[in-house]
Amino acid sequence: MKYILVTGGVISGVGKGVIASSFGTLLNACGINITSIKIDPYINIDAGTFSPYEHGEVFVLDDGGEVDLDLGNYERFLDIVLHKDNNITTGKIYKMVIDKERIGDYLGKTVQVVPHITDAIQEWVERVAKRPVKGNIVPEVCIVELGGTIGDIEGMPFVEAFRQFQFRVKKENFCVAHVSLVPLPRATGEPKTKPTQASVRELRGFGLSPDLIVCRSENPIGDEVKDKISNFCHVSPDQVICIHDLSSIYHVPLLMEQAGVVDILKERLKLNLPTPRPLNFMQSWRDLAERVDNVYKKVNIALVGKYTRLQDSYASVMKSLLHASIAAGYKLNLTFIDSSNLEREMKVENTSLYYDAWHDLTNSHGIIVPGGFGQRGLEGKIRACQWARENGKPMLGICLGLQAAVIEFARNVLRLEGAHTTEANPDTPHPMVIDMPEHHTGVYGGTMRLGKRTTIFRGDSKIRQLYNNKEQIEERHRHRYEVNPDYVARLEEHGMRFVGTDSEKERMEVMELKDHVYYVATQFHPEYLSRPLKPSPPFLGLILASVGKLESYLKDGQKLLQQQCSPSSTGPNDKASEQDLNQIRERANGLKSDNVKTPEIQMNGTIPSTSSIKQGSPAKMNGVHENGTE
């Protein structure tokens, strides 16, 4: 087993996740099987109880693990299925060691950070690195990302563990890539290497010498700067890799490949790679990057959420919308709307915010209402669902979005006054949404319905057609509340169809409104399984409906003809040509992948050319997901 440790210096969020994923992408394209481990030095057992504003998105794995968003990036980059043990936290390590101490495994010993904690870290990495993440194939290379910044007190046990680990696995099986920031102060007008020098010096002081120094910068760095870093950091110039801000993160692995990263890793880790590499090496990746850069038609999507101040809270949703837009041949223009601003009370408190929010909503081509927890902003989500339903606007609801749509329908169609969710109003006369048997009051960590579950389709529906008319699907869940089955019959009598249920047919999983262009909501989170070359069907349906191509696509959605993307029309409501539809079908089903996987993160401080995001700061590299706390 070969190991690549990716560390960060100067500041957090500098791009370790992108770089680590790009290492995996390049080696994967060479035929090397890859796995990834993310280390988060916080004491939490997992990411499940984080606030979206604290850490961003919580990503959910097949096995129900609530983990750091970077594991979602790895899954999308490499098209693999990771496990909860692929995310290591200080809390997990200490809990394991303490549990062993309690049962007497260290009987007679004084339990200490060295050697007991550091040994536990090394044993965990070795064990998880061998676990298959793609079929039954044992990985050959494990990429380990150490979260935080070198020098952080929280990360010191992990740094010491890897100092020992390099001797445990032998030099030819272990290399270190250090990702650092090279700032360009306006006052001087030239790149400054001192922060990188200090960071590398600190890393070396802890006993780890970088084999690669990846310099992140706003603009390209000249050879003289590379030479300076080489001289002061004890590496050769070709081991200094410069990654500047790019129009799209799909270019990052290509830039790293041009810098000779594959050859460096081949020599350093003694990898058995073909020489020379095929002429079409990374060609599918280049095609994807070119496609993204050359899409000009725009589709305007409004995201009505509770955590819009930090866009990383909806990282996977954003990526899924981007995947679907690329497949449809459109550039995503995503507008974030704080759901609280759509509520009637806001009209009195801040008229400007109220009307701006409604202006953005009504001028969108489609609406997405993602998940969330708590009462704040729920009424705004309900009003957005009502507007989409009454005005024939394409809408996709996820988790809480489904529940908001059900509550709105009960109030305004069934005329059930006071209909609500027991999460917000335990005394509601019409509990449309209730807590589940799994819900444990007072204990929040790991008490939701988590992980991959089976959904059974009932009858014909647009969403079923988007899933290629499968009888059942598997998607990932993360929720505590669900639609009250006692009201399902009354809802369906008035046109709200529950076209997907769980295997016991007791839990409502998918809703579709009758006689609406696209009014779909899911209890599961389809964004977790979306891929750049194979977008999530519910998201693809939203984008296609928003640009007026859904009906044409569904009429003949099974014929997949391989054609190149060639955007030709100019607006979201252009008539869909047969060539357009064939291109969409091809991309929606992941053809032409050539075993090359695509990246899924955005470099800090840049926005990919495929996404114009309104409000807030640019999407960061270390993204996050909806959280279990307000």
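Conventions used here
Residues numbered from 1 in each chain as written. Predicted model: local features only at pLDDT ≥ 70, side-chain atom pairs only at ≥ 80, totals over all residues. Heavy atoms only, no water. Helix = DSSP H or I, 4+ residues; strand = E, 2+ residues; numbered from the N terminus. Buried < 20%, exposed > 50% of the residue type's maximum accessible area, 1.4 Å probe, protein only. Contact = heavy atoms within 4.5 Å. Pairing = 2+ DSSP bridges. Right-handed = clockwise from strand over helix to strand, strands pointing away. pLDDT = per-residue confidence, 0-100. Phe/Tyr/Trp six-rings, centres within 6.5 Å; stacked < 30°, edge-to-face > 60°. Lys NZ or Arg CZ within 6 Å of the ring centre and 35° of its normal. Axes fitted to C-alpha atoms, helices over the stretch in contact; angles between N-to-C directions. Parallel < 35°, antiparallel > 145°, perpendicular 65-115°, else oblique. Left-handed = near helix turned anticlockwise from the far one by under 90°. Nonpolar A, V, L, I, M, F, W, Y, C, P; charged D, E, K, R; others polar.

## Details of the overall build of the chain
For the chain, the count of helices and strands is 21 helices and 22 strands. The proportion of buried residues among the 630 residues of the chain is 61%. In the chain, once contacts between residues fewer than 6 apart in sequence are set aside, the share between residues at least 24 apart is 76%.

## Considerations on unusual backbone geometry
Most peptide bonds adopt trans geometry, and most residues besides glycine take a negative phi value. Along the chain, V114 connects to P115 via a cis peptide bond; the corresponding omega equals 20°. Relative to the elements of secondary structure, P115 occurs in helix α5 (residues 113–129). Of note, H234 is a non-glycine position whose phi angle comes to about 60°, a positive value. With respect to the helices, strands and loops of the structure, H234 is situated in the loop between α8 (223–233) and β9 (240–244). Its identity as a non-glycine residue notwithstanding, K505 has a phi of 60°, on the positive side. Note that K505 resides in the loop between β19 (496–502) and β20 (508–513).

## Regarding the pairing of strand β13 (residues 395–398)
Residues M395 and G397 point to one face of β13 and L396 and I398 to the other, with burial holding for every one of them. Taken together, the three bridges between strand β12 (residues 366–369) and β13 define a ladder with parallel strand orientation. When the sheet's bridge partners are listed, I367 is paired in β13 with M395. Assessed by its sense of winding, the connection that carries the chain from β12 through helix α15 (residues 378–391) to β13 is right-handed. Looking at chain direction, β13 and strand β21 (residues 519–522) are connected through four bridges and run parallel.

## Here's the deal with the confidence of the model for the chain
For the chain, mean pLDDT is 85; residues scoring 70 or higher make up 87% of the total. Confidence over residues 558–571 falls short of pLDDT 50; this stretch has 34 contacts with residues more than four positions distant or in other chains. Here residues 591–630 is modelled with pLDDT under 50, and outside its nearest four sequence neighbours on either side it reaches 191 contacts, counting other chains as well.

## Concerning the pairing of strand β7 (residues 174–181)
The element β7 is largely enclosed, with a buried count of seven among its eight residues. Strand direction decides the pairing type here: strand β1 (residues 2–8) and β7, joined by six bridges, are parallel. If you follow I4 over to β7, its bridge partner there is C175. Here β7 runs beside strand β8 (residues 212–217); their pairing, made up of five bridges, is parallel. Its bridge partner lying in β8, L181 is registered against R216. Handedness of the β-α-β unit built from β7, helix α7 (residues 194–205) and β8 comes out right-handed.

## Quick word on the packing of aromatic side chains
Tallying each qualifying case throughout the model produces eleven aromatic pairs. For the ring pair Y42 and F50, a centre distance of 4.8 Å and an interplane angle of 85° mean the geometry is edge-to-face. According to the relative accessible area criterion, F50 is buried, its value standing at 9%. Between F165 and F174, the aromatic rings sit 6.1 Å apart at their centres with planes inclined by 75°, giving edge-to-face as the arrangement. Against the face of W124 rests R127, its NZ or CZ located 5.0 Å from the ring centre. Sitting above the plane of the F281 ring, R277 keeps its charged end 5.4 Å from the centroid.

## Considerations on the packing of helix α12 (residues 315–328) against helix α19 (residues 537–546)
Relative orientation of the contacting elements α12 and α19 amounts to 55°, with a least axis distance of 8 Å. By the criterion of interaxial angle, the relationship of α12 to α19 is oblique. Like other packed secondary-structure pairs, α12 and α19 cross with a definite hand, here right-handed. Between α12 and α19, the residues in contact are V317, S320, L321, A324, S325, A327 and A328 and F539, L540, L542, I543 and L544, respectively. Considered class by class, the residues forming the contact of α12 with α19 number ten nonpolar, two polar and no charged.

## Considering the sheet that holds strand β18 (residues 481–483)
Taken together, the three strands give an open sheet; going across it, the order is β14-β15-β18, and neighbouring strands pair in mixed fashion. For this open sheet the edge positions go to β14 (419–421) and β18, each flanked by a neighbour on one side alone. Neighbour to neighbour, the strand axes of the sheet diverge by 25° on average, direction disregarded. The pairing of strand β15 (residues 430–435) with β18 spans three bridges and is classified as antiparallel. Of the residues in β18, the one forming a bridge with I434 is E482. Running at roughly 165° to β14, helix α16 (residues 400–412) makes contact with β14, β15 and β18 of the sheet.

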